[in-house]
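Residue strings, one per chain:
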Amino acid sequence: MKLEIVPDYAELSRRAAEIVIAECRKRPQIVLGLATGATPIGMYRQLVQAYQRGRVSFSRATTFNLDEYYPIAPDHPHSFRRFMHQQLFDQVDLAAERIHFLRGTAADVERECSRYEAELEAVGGIDLQVLGIGENGHIGFNEPGTPFHLKTHKVALTEQTMRANARFFGSLADVPRHALTMGICSIMRSRKILLLASGEKKADALAAALLGPVTEAVPASVLQLHPDVTVIADKAAAQRLA
Ligand code: GLP
């Protein structure tokens, strides 16, 4: 595992974008695994700028997003799908047919999860997976206690995650109680993983994930078992790593 500690969020965003850009240039037909949340917003901004300056193209890239609330309509103002369109998809040259998302309106959840896994398989898996980390150590929406062997599945969100995400919805009552997420097993199959952590609120989770035992109680700790993980943390998030 490579750990890069950077002074602040701006630097984290720049560094993360540089890694994504370098991988996209190395392999234009790259399969990217993408995350939502506040953490990657700065990185997406940098990617859009790099695209506008002609430094990178996504025209041959494929994307898979990690997770989506359930149920939620794709055009709901706080759906992850809408978020991705605003932050990245609508501003770069990604081909619509190569954007993959879990459908928060799927009637048959099991079928939806199998469809996603089959699509992942069909493209040969993810080359570079970008991850954030929850305050409780979750990755994607794999909450503490999620078995490591699970592929894409439906989850009940914990109270803590619903509270953390209420900042986007305005009120806790409006946060969906469930989500669909790529499983730990699906995530671990990615060839390369980039984990981003910013801010003091992530310091305990990051320390537990990187320095603690590998345990399903801290989903991100599984990354210690992956052969190619880069962690970029700003000073605030890295403060308990010493
Ligand atoms: C969300 C997402 C995760 C994200 C995490 C942290 O609920 N499901 O993919 O990494 O929580 O979010 P943030 O970056 O806003 O702190």
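Everything below is about the structure shown above.
Trainee: Teacher, can you tell me more about unusual backbone geometry here?
Mentor: For residues that are not glycine, phi is negative in most cases, and the peptide bond is trans in most cases. Here the bond from tyrosine 70 into proline 71 is cis, since omega is -10°, no more than 30 degrees from zero. For proline 71, the location among the structural elements is in the loop between β4 (67–70) and α3 (80–87).

Trainee: I keep staring at the site of the ligand and nothing clicks. Help me out?
Mentor: Close to the ligand lie Gly37, Ala38, Thr39, Asp67, Gly132, Ile133, His138, Gly140, Phe141, Asn165, Arg167 and Lys202, which account for all nearby residues. A distance of 2.9 Å is found between an oxygen atom of the ligand and a side-chain nitrogen or oxygen belonging to arginine 167. Protein contact buries 95% of the 390 Å² of open area that the ligand shows by itself. Among the residues making up the shell around the ligand, the classes are represented as 3 nonpolar, 6 polar and 3 charged.

Trainee: Would you mind going over the pairing of β4 with me for this structure?
Mentor: Every second residue of β4 is oriented toward a common face, with Asp67 and Tyr69 on one face and Glu68 and Tyr70 on the other, all of them buried. Pairing analysis gives 4 bridges linking β4 to strand β8 (residues 178–181), with the strands arranged antiparallel. The partner of tyrosine 69 across the bridge, within β8, is alanine 179.

Trainee: Is there a simple way to think about the nonpolar core in this case?
Mentor: Here is a general trend for soluble globular proteins: nonpolar side chains tend to be buried in one another's company. In terms of nonpolar packing, the biggest core is built from 44 residues, with Val20, Met43, Leu47, Phe58, Leu88 and Leu194 touching the most fellow members. The set of elements that each furnish at least two residues to this core consists of α1 (9–26), β2 (31–34), α2 (41–52), α3, β6 (128–131), α5 (159–169) and β9 (192–197). Per-element accounting of this core gives the leading share, 7 residues, to α1. Other than its neighbours up to four places away in sequence, leucine 194 contacts Ala16, Ile19, Val20, Leu128, Gln129, Val130, Leu131, Thr230 and Ile232. Among the nonpolar cores identified, the runner-up in size contains 36 residues, and Phe64, Leu66, Tyr116 and Ile184 belong to it.

Trainee: What am I meant to see in the pattern of salt bridges here?
Mentor: Any two side chains of opposite charge can pair, so long as their charged atoms come close to each other. Applying the stated criterion to the full structure yields 12 salt bridges. With a shortest N-O distance of 3.0 Å, glutamate 18 and arginine 55 are connected by a salt bridge. Here glutamate 18 is found in helix α1, whereas its partner arginine 55 is found in the loop between α2 and β3 (62–65), with 37 residues between them in sequence. Its relative accessible area of 31% is what places glutamate 18 among the partly exposed residues. We classify arginine 55 as partly exposed; its relative accessible area is 35%. The partner of glutamate 159 in a salt bridge is arginine 163, with the nearest N and O atoms 2.7 Å apart. Taken together, the positions of glutamate 159 and arginine 163, both in helix α5 and 4 residues apart, correspond to about one turn of that helix.

The rules behind each value
Residues numbered from 1 in each chain as written. Predicted model: local features only at pLDDT ≥ 70, side-chain atom pairs only at ≥ 80, totals over all residues. Heavy atoms only, no water. Helix = DSSP H or I, 4+ residues; strand = E, 2+ residues; numbered from the N terminus. Near = heavy atom within 4 Å. Polar contact = N/O pair within 3.5 Å; in protein donor to acceptor, adjacent residues only side chain to side chain. Areas by Shrake-Rupley, 256 points an atom, 1.4 Å probe, with all protein chains shown as cover. Nonpolar A, V, L, I, M, F, W, Y, C, P; charged D, E, K, R; others polar. Buried < 20%, exposed > 50% of the residue type's maximum accessible area, 1.4 Å probe, protein only. Pairing = 2+ DSSP bridges. Core = buried A, V, L, I, M, F, W, Y, C linked by side-chain atoms within 4.5 Å. Contact = heavy atoms within 4.5 Å. Salt bridge = Lys/Arg side-chain N within 4 Å of Asp/Glu carboxyl O.

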